[in-house]
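Residue strings, one per chain:
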Amino acid sequence: MGNPGQIAPAMRLFEPFRVPAFPALWAGQAFAAIGAEFYSVALVWTAADILATQAGYISAVHAGVILVGAFLSGYWADLCRRSTAMVAADVLRAGTALFLGAAYGLGAINAGVLIGAAALVALATAVFDPALQASIPALIKEPQLRHQANSLFDATKRMARILSPVAIAAVASIAPKSYLFAITGLAFLGSLTMTLKVRPALDADGSPAFAAPGLVAGMRLVLAERLVIASLAGLVVSNFTWGLGMLLGMALFLRQTSPTPLGDYGLIMAAYGVGNLATNLWLASQTPQRPAVWLIVSKLTFGIGICLLPFADSLATAMIIAAFAATNGPLENLAVLHLVQSRFPLDRLRYVFRIVLGATFGGLFIAYAASPVLFALYGLRPMIVAAGALSLGAGVLGLVAYATVRHRQL
C-alpha cells in the first residue's frame, strides 16, 4: 500500500481549489475553454465552406491580429487593472460570437463578416490571456501550488478539447452552424459572469496601472534568459506545425478523403484531447526541474505524430496517433509557464506573457498565411508531413544543444 500521506497525482490537480476565489476563476476559464473550442472549429469549417483551400486566410487574420494586438494593445491593457481588461475582453468575445450566429442564421455570413469577427475575437484574446496569466501568481504564491493551478487550467482546456468536438459533431448533425457560434457566445458570457464574481480578488494585490513601455520591458527581461528565448522559438515552431498540420491541414485532408469529415475530425480532435489530459494528469505531480527536457520531448513526439497522421489507414489508427502526438501540449505549455512564472518579477509578468502570446500566434499566423499557397503547390499530405518534420527537427536540434551543454558542465 502507498504512503497515506501521499496524494495521488490526479488529486493534486485539485489542491488550488483551497485558495479563495480560485474555484470561480477556474469555472470562468472552463466556460472560456468550451467557447474557444466551439469558435475555432466553427470558424475553420465556415471558412472552408466559403473559401475551400483559401480558408487559411481567415485563420491567418485571427492569428495575425492576436500577434499584433498582443503588442499594440499592451499600452492600453497595462493602464487597466487585470480584471478590467478581462471583463472588457469577455464582453467583446461574447458579443462578436452572438453576432456571427445571428448573421449566419440570416444568411448574411460571408468572407468579410468572418474576417471582421475573427479580428475582434483575436483582439479580445490578446488582451484577456496576459491578464489572466498574470493573475494566477497574484492569487497563488506557493510555487508548487501554482504549478498545480497551471496544470488544472491546462487540463481544463484539454478536457474541452475532448468534449467539445464530440458536442460540435452532434450539434452540427441536427442544427445549422449558426448554433455553434451561439453556443460560443453563451460560453463567453459564462466566463464574463465568473470574472465579475472574482473581480475584487483579481485586484486585491493592487494590480497596477503600468505606464512603462511593456513591450520593451518584456523584451529586456526575456533577452537575459537563454532558455526562455529557446522556448519562445519552440512555441513558434510547434504552433506552425499545429496550425498547418493539424488544425487546418487535417480538416482539409479529411474533407477530401472521408465521407464524414466533420465527424471524423471531431473524433480525432477528441482523441488528441484525451492524450493531452492523460499527459497533464501525470505532469501535475512533476515540478519541471528540467524544463528543457520537457520542451525537447514535446517537439519529438509532436513531430513524429503529425508526420504519421495523414498515413493512418483507419479512423481508429488516426485517433491513436493523435493521442500520442498530444503529449506535446502539456509538456511544452507547463514548461513555458514554469519558466516565466519562476524567472520574472510578478509586476512584469504581463509583459512577458504578451511575448509568449506573440510567439504562439506568430507560429499560427505564418502557418495560416502560407497554407493556401503551400497546399496548392505541394498538396495536403506532403505539407502535413513537412510541418511534422519541422517540429521533429527542432526537437533533434534541441537534444543536440542540451547534450552539448551538459557535456561542457561535466
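This text gives an overview of the structure that appears in the document. (Residues numbered from 1 in each chain as written. Predicted model: local features only at pLDDT ≥ 70, side-chain atom pairs only at ≥ 80, totals over all residues. Heavy atoms only, no water.)

### Here we look at the overall build of the protein
At step 1: Summing up its helical and strand segments, the protein has 17 helices and zero strands in all.
At step 2: The long-range fraction of contacts in the protein, counting pairs at least 24 apart against all pairs at least 6 apart in sequence, stands at 87%.
At step 3: Of the roughly 16,600 Å² that the protein leaves accessible, carbon and sulfur atoms contribute 70%. (Helix = DSSP H or I, 4+ residues; strand = E, 2+ residues; numbered from the N terminus. Contact = heavy atoms within 4.5 Å. Areas by Shrake-Rupley, 256 points an atom, 1.4 Å probe, with all protein chains shown as cover.)

### A look at a nonpolar patch on the surface
At step 1: On the surface, Y57, V373, L377 and Y378 cluster together into a nonpolar patch covering about 430 Å² of accessible area.
At step 2: By residue number, the principal contributor to the nonpolar patch is helix 16 (residues 349-378), which donates three residues.
At step 3: If you trace the backbone, V373 turns up in helix 16. (Patch = residues over 30% accessible without salt bridge, like charges linked within 9 Å, V, L, I, M, F, W, Y side chains within 5 Å. Salt bridge = Lys/Arg side-chain N within 4 Å of Asp/Glu carboxyl O.)

### Side note on unusual backbone geometry
At step 1: The residue A21 is not glycine, and still its phi comes out positive at about 80°.
At step 2: Its place among the elements puts A21 in the loop between helix 1 (9-12) and helix 2 (22-51).
At step 3: On the basis of relative accessible area, A21 is assigned to the partly exposed category, the value being 22%. (Buried < 20%, exposed > 50% of the residue type's maximum accessible area, 1.4 Å probe, protein only.)

### Describing the packing of helix 2 against helix 6 (residues 111-139)
At step 1: At a minimum axis separation of 12 Å, helix 2 and helix 6 run at an interaxial angle of 155°. Taken together, helix 2 and helix 6 sit at an angle that is classed as roughly antiparallel. Considering only the axes of helix 2 and helix 6, their crossing is left-handed. Across the interface between the two elements, L25, Q29, Y39, L43, T46, A47, I50 and L51 of helix 2 pack against A111, L114, A117, A118, V121, F128, L132 and L139 of helix 6. (Axes fitted to C-alpha atoms, helices over the stretch in contact; angles between N-to-C directions. Parallel < 35°, antiparallel > 145°, perpendicular 65-115°, else oblique. Left-handed = near helix turned anticlockwise from the far one by under 90°.)

### Regarding the packing of aromatic side chains
Two numbers describe a pair of aromatic rings. These are the distance of the centres and the angle of the planes.
At step 1: Scanning the entire structure with this criterion turns up four aromatic pairs.
At step 2: When the centroid spacing of 5.5 Å and the interplanar angle of 75° are considered together, the rings of F17 and W26 count as edge-to-face.
At step 3: With relative accessibility at 26%, the residue F17 sits in the partly exposed group.
At step 4: On the basis of relative accessible area, W26 is assigned to the partly exposed category, the value being 26%.
At step 5: Taking 5.0 Å as the distance between ring centres and 35° as the angle between the ring planes, the aromatic pair formed by W242 and Y272 counts as tilted. One end of the pair, W242, is in helix 11 (residues 226-257); the other, Y272, is in helix 12 (residues 261-283), with 30 residues separating them in the sequence. You'll find W242 and Y272 in the same group, each marked buried. (Phe/Tyr/Trp six-rings, centres within 6.5 Å; stacked < 30°, edge-to-face > 60°.)

### Topic: the layout of surface pockets
At step 1: Roughly 890 Å³ of volume is contained in the largest pocket.
At step 2: Those elements that place two or more of their residues in the lining of the largest pocket are helix 11, helix 13 (291-308), helix 15 (328-343) and helix 17 (380-409).
At step 3: Per-element tally for the lining of the largest pocket: the top contributor is helix 17, with 10 residues.
At step 4: Size it by volume and the second largest pocket reaches roughly 240 Å³.
At step 5: Taken together, 14 residues form the lining of the second largest pocket, with W26, A155, T156, M159 and A160 sitting closest to its centre.
At step 6: Mapped by element, the contributors of at least two residues to the lining of the second largest pocket are helix 2, helix 7 (143-174) and helix 12. (1 Å grid on protein atoms, 1.4 Å probe; cavity = no way out; pocket = protein on both sides within 12 Å on 5 of 7 lines; lining within 4 Å. Points joined across faces, edges and corners; volume = space filled by probe spheres on them.)

### A few points about the packing of helix 2 against helix 11
At step 1: Contact geometry for helix 2 and helix 11: axes closest at 11 Å, N-to-C directions at 50°. Here helix 2 is positioned oblique relative to helix 11, judged by the angle of their axes. Crossing hand, helix 2 versus helix 11: right-handed. In contact with V44, W45, A48 and D49 of helix 2, helix 11 contributes L247, L248, A251 and R255.

### Some words on the nonpolar core
At step 1: Within the largest apolar cluster, 62 residues are counted, with the highest numbers of intra-cluster contacts made by L100, W242, L244, M246, M250, Y265 and Y272.
At step 2: Counting 23 residues, the second-largest nonpolar core is a separate cluster that includes V19, A131, L145 and F153. (Core = buried A, V, L, I, M, F, W, Y, C linked by side-chain atoms within 4.5 Å.)

### Section: helix 11
At step 1: With 32 residues, helix 11 should reach 46 Å at 1.5 Å per residue; the first-to-last C-alpha distance of 44 Å fits that figure.
At step 2: At G249, helix 11 shows its largest bend, some 50°.
At step 3: In terms of burial, helix 11 is largely enclosed, as 23 of its 32 residues are buried. (Expected span 1.5 Å × (residues − 1). Bend = angle between axes of the 7 residues up to and from the residue.)

### Here's the deal with the environment of A292
At step 1: Looking at the secondary structure, you find A292 in helix 13.
At step 2: Through-space distance from the C-alpha of A292 to that of L227 is 7.4 Å; in sequence the pair is 65 residues apart.
At step 3: Among all residues touching A292, those that are not within four sequence positions of it are L227 and Y402.

### Examining helix 15
At step 1: The end-to-end C-alpha separation of helix 15 is 23 Å, in line with the 22 Å expected for 16 residues at 1.5 Å each.
At step 2: Among the 16 residues of helix 15, 12 are classified as buried, and the element is accordingly described as predominantly covered.
At step 3: Along helix 15, the residues that are buried comprise N328, G329, P330, L331, E332, L334, A335, V336, L337, L339, V340 and Q341.

### Observations regarding the pattern of salt bridges
At step 1: Taken as a whole, this structure holds four salt bridges when the rule is applied.
At step 2: With its nearest N and O atoms 2.9 Å apart, the salt bridge here joins R343 to E225. With a gap of 118 residues between them, R343 in helix 15 and E225 in the loop between helix 10 (214-223) and helix 11 connect regions that are remote in the sequence.
At step 3: Measuring nitrogen to oxygen at the nearest pair gives 2.4 Å for the salt bridge that ties E332 to K299. Taken together, the residues span a long stretch of sequence, with E332 in helix 15 and K299 in helix 13 at a distance of 33 residues.
At step 4: Note on E332: relative accessible area 3%, which makes it buried.

In short, shape yes, function no, at least from these values alone.
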